[in-house]
Amino acid sequence: MDADIPYLLLTPGPLTTSRTVRQAMNQDLSTWDVDYNAIVESIRSQLVRLATTRTGYTSVLMPGSGTFSVESILGSVIPPDGKVLIVNNGAYGERMVHIAKRLKIAVTPIDQLETERADLARIDAALAADKAITHVAMVHCETTTGMLNPVAEVGQIVARHGRKYIVDAMSSFGGIPLTMEGLNAQFLVSSANKCVQGVPGFGFVIMPQTEIEATRGWARSLSLDLFDQWREMNEKGGKWRYTSPTHVVNAFAQALQELAAEGGVAARHARYSENHRRLVAGMQGLGFRCLLPSQWQSPIITSFLFPDDKRFSFNEFYDRLKRRRFVIYPGKVTNAETFRIGNIGHVFPEDMDLLVREIEAVIGEMGVRLKAEVGV
Ligand SMILES: *Cc1c(COP(=O)(O)O)cnc(C)c1O
């Protein structure tokens, strides 16, 4: 952990970034300048290369947090008479359902428990039964719980039914190896402040150029019009339609360089997996239990169940850990008491070891008993 940061963010995201990524924001760039636009173009092509080895793909950057990009896709690529099936097994799947309803897009939600993996048979049956469904949207890593949904298996089903597939890879892109063709996806969305390890301020969408070209005039919003934003960038060499988050873009260019320097997505995945392994082994050693079975668990974020001991208070736990320079996440699961710890960002296995030692100390200070109750 850098000595000059107040705490390590284990909250994806925003997440802990490197000092060099933060330093890249220390300059004012003109949003209309050619040198700046060249940085945008370089980012766009690097994103495409991270997502596919094939030609014919393109990408677009959209200001705002990740949700703005999700809303931009749903509002722009589904035709006026289209209908979207959305797998909902967590807060981010549910948010897509809310977006579709708010935009008055016909939607078939597949509502599941947050602790259930996406149900392939239900998706298959729903597509077979309803020819009006034009698109399927699903979250890859459900950050709500840390669940990894079977994104490639669903892609095969969607392709077999001849529908289009939108993947929210927000918290996995850059940290888990995947390709557009491996997923059979037409649209993939993520944001600057997740596994690429930039700072918050924009999201991005990767897609075949023919797919975005086919959506002209469908957008239900002006500022979130994905086609218009793409056309402006594409035709004018990296220009945004309106003011762009210049500092954030420059930091992201640096973050992409650092991803490559680390050894690319495979190396980053290995680091995250080791972070996650040390975290879970350490926490289980203290007597904590995970919400999800390990085979569904992502190497991104983990939900831990509250200890059974009444002396455990999340707020106190959080405050004490923060004083020890670790910031964690509250839980987001409806029917279980949990807290979450992310392990993505500029964090390393030694940080996880230190975290576990600090958690042990905090649990001791709070007088909470773990081991006896769960019999680890
Ligand atoms: C982070 C995230 C989003 C976007 O959330 P914002 O708070 O708008 O950035 C969407 N989907 C998933 C799965 C996420 O992890």
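Residues numbered from 1 in each chain as written. Predicted model: local features only at pLDDT ≥ 70, side-chain atom pairs only at ≥ 80, totals over all residues. Heavy atoms only, no water.

Undergrad: Explain the domain arrangement of the chain to me, please; I cannot follow it from the model alone.
TA: Interface size is commonly expressed as the accessible surface area that is lost when the partners come together. Looking at the chain, the domain boundaries give domain 1 (8–13 + 264–374) and domain 2 (27–261). Put simply, the middle of domain 1 and the middle of domain 2, counted by C-alpha atoms, are 29 Å apart. Residue-level contacts link 26 residues of domain 1 with 29 residues of domain 2. Three residues stand out in domain 1 for area buried against domain 2, namely Val 265, Arg 268 and Trp 296, and they jointly supply 28% of the buried area on that side. Linking domain 1 with domain 2 are zero salt bridges, by the criterion used here. Viewed at the interface, domain 2 and domain 1 are joined by 13 residue pairs in polar contact (both at pLDDT 80 or more). At the level of secondary structure, the elements contributing two or more residues to the side of domain 1 that touches domain 2 comprise helix H11 (264–286) and strand S11 (301–305). In terms of residue count, H11 provides more of the side of domain 1 that touches domain 2 than any other element does, six residues in total. (Domains from an automatic or database assignment. Contact = heavy atoms within 4.5 Å. Buried area = accessible area lost by both parts, 1.4 Å probe. Salt bridge = Lys/Arg side-chain N within 4 Å of Asp/Glu carboxyl O. Polar contact = N/O pair within 3.5 Å; in protein donor to acceptor, adjacent residues only side chain to side chain. Helix = DSSP H or I, 4+ residues; strand = E, 2+ residues; numbered from the N terminus.)

Undergrad: Would you mind going over the environment of Val 248 with me for this structure?
TA: Summarising the element assignment, Val 248 is placed in helix H10 (residues 246–262). Considered as a pair, Val 248 and Ala 192 are 56 residues apart in the sequence and their alpha carbons are 8.2 Å apart. Once residues within four sequence positions are removed from consideration, Val 248 is found in contact with Val 199, Pro 200, Gly 201 and Phe 202.

Undergrad: I would appreciate a short explanation of the layout of surface pockets in the present structure.
TA: Which parts of space are left empty comes out when a probe the size of a water molecule is rolled across the atoms. The computed volume of the largest pocket comes to approximately 320 Å³. Along the wall of the largest pocket there are 24 residues; nearest its centre are Thr 67, Tyr 92, Arg 95, Met 170 and Lys 194. Elements that contribute at least two residues to the lining of the largest pocket include exactly helix H3 (66–77) and helix H4 (91–102). Of all the elements, H4 adds the most residues to the lining of the largest pocket, at four residues. Here the lining of the largest pocket gathers at least three residues from each of two domains, domain 1 (8–13 + 264–374) and domain 2 (27–261). (1 Å grid on protein atoms, 1.4 Å probe; cavity = no way out; pocket = protein on both sides within 12 Å on 5 of 7 lines; lining within 4 Å. Points joined across faces, edges and corners; volume = space filled by probe spheres on them.)

Undergrad: Help me out: how do you make sense of the pairing of strand S10 (residues 202–208) in this one?
TA: Taking burial as the measure, the seven residues of S10 include seven buried ones, the bulk of the element. Here S10 shows a buried face lined by Phe 202, Phe 204, Ile 206 and Pro 208 and a second buried face lined by Gly 203, Val 205 and Met 207. Of the pairings in the sheet, the one linking strand S2 (residues 57–63) to S10 comprises seven bridges and is antiparallel in character. By the bridge assignment, Thr 58 is partnered in S10 with Met 207. Note: strand S9 (residues 187–191) against S10, four bridges, orientation antiparallel. (Buried < 20%, exposed > 50% of the residue type's maximum accessible area, 1.4 Å probe, protein only. Pairing = 2+ DSSP bridges.)

Undergrad: Teacher, can you tell me more about the site of the ligand here?
TA: Neighbouring the ligand are Ser 65, Gly 66, Thr 67, Tyr 92, Arg 95, Val 139, Cys 141, Thr 143, Asp 168, Met 170, Ser 171 and Lys 194. Measuring from an oxygen atom of the ligand, one finds a side-chain N or O atom of Ser 65 at 2.5 Å. Taking Asp 168, its side chain carries an N or O atom lying 2.7 Å from a nitrogen atom of the ligand. Expressed as a share of its isolated accessible area of 380 Å², the protein-covered part of the ligand is 87%. Of all the elements in the fold, those that place two or more residues in the shell around the ligand are H3 and H4. Per-class residue counts for the shell around the ligand are four nonpolar, five polar and three charged. (Near = heavy atom within 4 Å. Areas by Shrake-Rupley, 256 points an atom, 1.4 Å probe, with all protein chains shown as cover. Nonpolar A, V, L, I, M, F, W, Y, C, P; charged D, E, K, R; others polar.)

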